[in-house]
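Secondary and tertiary structure notes
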Amino acid sequence: MSSVDVQPPVSEARTSPGFVALFRIEMLLALRKRADIANPLLFFVTVLALLPLGVGPGPDLLAKMAPGMIWVMALLATMLSQESLFRGDFEDGTLEQLTLLPQPLYFAVLAKSLVHWVATGLPLALLSPLLALMLNLPVEGYLCLFISLFLGTASLSLIGAIGAALTVALRRPGLLLALIVMPLYVPVLIFGTGAVQAAIDGYAYSAQLAILAALLAAAAALAPLAAAGAIRISLDN
């Protein structure tokens, strides 16, 4: 019997990259742009380091302001890098190619949002105990601050992807991007600061953290879908 070489179908030979492959590619690209990673961190640290010079070095006043200020600065630092989330891919045509892949655009948006969080939100959460020490935050709030920022910044990256997708075709989307995403950031900000304040006051803060986790789950499920739709609309126009 003669053997017959069987060639795999073209559809099987040419498979689209999966979520893990997309994440690796985006992570390598992010590591090559170290300035984009460093700028939000420097903004976050610099503003909080200058805060005692502006409001005074009183430990009680700093401790009272610390939860809200750390969370607001983390929000602004995250939004600072959102504008470039899809910008490079839009300018070089990669974003249009992603829409033509067989796999849903949802996974590409989710991979980009996850990389954005790893490059910005996760370092902010890791730095938060040090900055809390600088602002004289009571020790009782350190763990809650880290967990709340860990969950909250991930939600901010996912929600911000919607605004970045809607404004990707604009030359200067900064102000419009802020107007779009800022109202969506408010629930995360409220429950994040509320959890830290509850921990400082000695109350249970598990409910606030549970709501932050629920917001993250909802953002992970819905935000990439909305951002994918916004990308298609932006490319069509």
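Coordinates for the structure precede this section.
Model, not experiment: these values are computed from the prediction.

1. Looking at the overall build of the protein
The number of helices and strands found in the protein is 10 helices and 0 strands. In sequence order, the secondary structure elements of the protein are arranged as α-α-α-α-α-α-α-α-α-α. Principal axes of the C-alpha set define a box for the protein whose edges measure 85 × 45 × 30 Å. Split into buried and exposed, the 237 residues of the protein put 44% on the buried side. Contacts in the protein between residues at least 24 apart in sequence constitute 81% of all its contacts with a sequence separation of at least 6.

2. Observations concerning helix α10 (residues 206–236)
For α10, with 31 residues, the first-to-last C-alpha span of 44 Å sits near the 45 Å given by 1.5 Å per residue. Roughly 35 degrees is the biggest bend found in α10, and it falls at Ala-219. Buried within α10 we find Gln-208, Leu-209, Leu-212, Ala-219, Ala-223, Pro-224, Ala-227, Ala-228, Ala-230, Ile-231 and Ser-234.

3. Details of the environment of Thr-78
Within the secondary structure, Thr-78 sits in helix α4 (residues 59–80). Taking the relative accessible area as the measure of exposure, Thr-78 reaches 0% and is therefore buried. Between the C-alpha atoms of Thr-78 and Asp-60, which are 18 residues apart in sequence, the distance is 28 Å. Those residues in contact with Thr-78, other than ones at most four positions away along the chain, are His-116, Leu-124, Thr-153, Leu-156 and Ser-157.

4. Comments concerning the pattern of salt bridges
Going through the model one piece at a time under the given rule, you end up with 1 salt bridge. For Lys-112, the salt bridge identified is with Asp-89, shortest N-O distance 2.0 Å. Taken together, the positions of Lys-112 in helix α7 (residues 105–134) and Asp-89 in helix α5 (residues 87–92) put the pair 23 residues apart, joining distant regions of the chain. Here Lys-112 matches Asp-89 in class, with each residue buried.

5. Digging into the nonpolar core
In this structure, Phe-44, Leu-48, Ile-70, Phe-86, Val-109 and Leu-145 are the most contacted members of the largest nonpolar core, which totals 61 residues. Sequence-distant contacts of Leu-48, that is, excluding residues within four places in its chain, are made with Met-69, Ile-70, Met-73, Leu-131 and Leu-135.

6. Things to note about unusual backbone geometry
One non-glycine residue, Asn-136, lies in positive phi territory at about 65 degrees. Assessed through its relative accessible area of 36%, Asn-136 is described here as partly exposed.

7. Notes on helix α8 (residues 142–166)
With 25 residues, α8 extends 36 Å from end C-alpha to end C-alpha; this agrees with the ideal 36 Å at 1.5 Å per step. Most of α8 is tucked away: 20 of the 25 residues are buried.

8. Considering the packing of aromatic side chains
What characterises a pair of aromatic rings is the spacing of the ring centres plus the angle enclosed by the ring planes. Under the criterion given, the structure shown has 3 aromatic pairs. Ring centres 5.4 Å apart and planes at 90 degrees place the aromatic pair Tyr-106 and Phe-107 in the edge-to-face group. Here Tyr-106 falls in the buried class, since its relative accessible area comes to 18%. Overall, the relative accessible area of 33% leaves Phe-107 in the partly exposed class. Centroid distance Phe-146 to Phe-150: 6.0 Å. Interplanar angle 40 degrees. Geometry classified as tilted. Within this pair, Phe-146 and its partner Phe-150 are both found in helix α8, separated by 4 residues, close to a single helical turn.

9. Considering the environment of Leu-42
With respect to the element layout, Leu-42 can be found in helix α3 (residues 34–55). We classify Leu-42 as exposed; its relative accessible area is 52%. When the C-alpha atoms of Leu-42 and Ala-204 are compared, they prove to be 33 Å apart, with 162 residues separating the residues in sequence.

10. Regarding a nonpolar patch on the surface
Where nonpolar side chains cluster on the molecular surface, the patch consists of Leu-170, Leu-175, Leu-176 and Leu-179 and spans about 400 Å² of accessible area. Its location among the elements puts Leu-179 in helix α9 (residues 174–201). Accessibility expressed as a relative area gives 58% for Leu-179, which makes it exposed.

Parameters and conventions
Residues numbered from 1 in each chain as written. Predicted model: local features only at pLDDT ≥ 70, side-chain atom pairs only at ≥ 80, totals over all residues. Heavy atoms only, no water. Helix = DSSP H or I, 4+ residues; strand = E, 2+ residues; numbered from the N terminus. Buried < 20%, exposed > 50% of the residue type's maximum accessible area, 1.4 Å probe, protein only. Contact = heavy atoms within 4.5 Å. Expected span 1.5 Å × (residues − 1). Bend = angle between axes of the 7 residues up to and from the residue. Salt bridge = Lys/Arg side-chain N within 4 Å of Asp/Glu carboxyl O. Core = buried A, V, L, I, M, F, W, Y, C linked by side-chain atoms within 4.5 Å. Phe/Tyr/Trp six-rings, centres within 6.5 Å; stacked < 30°, edge-to-face > 60°. Patch = residues over 30% accessible without salt bridge, like charges linked within 9 Å, V, L, I, M, F, W, Y side chains within 5 Å. Areas by Shrake-Rupley, 256 points an atom, 1.4 Å probe, with all protein chains shown as cover.

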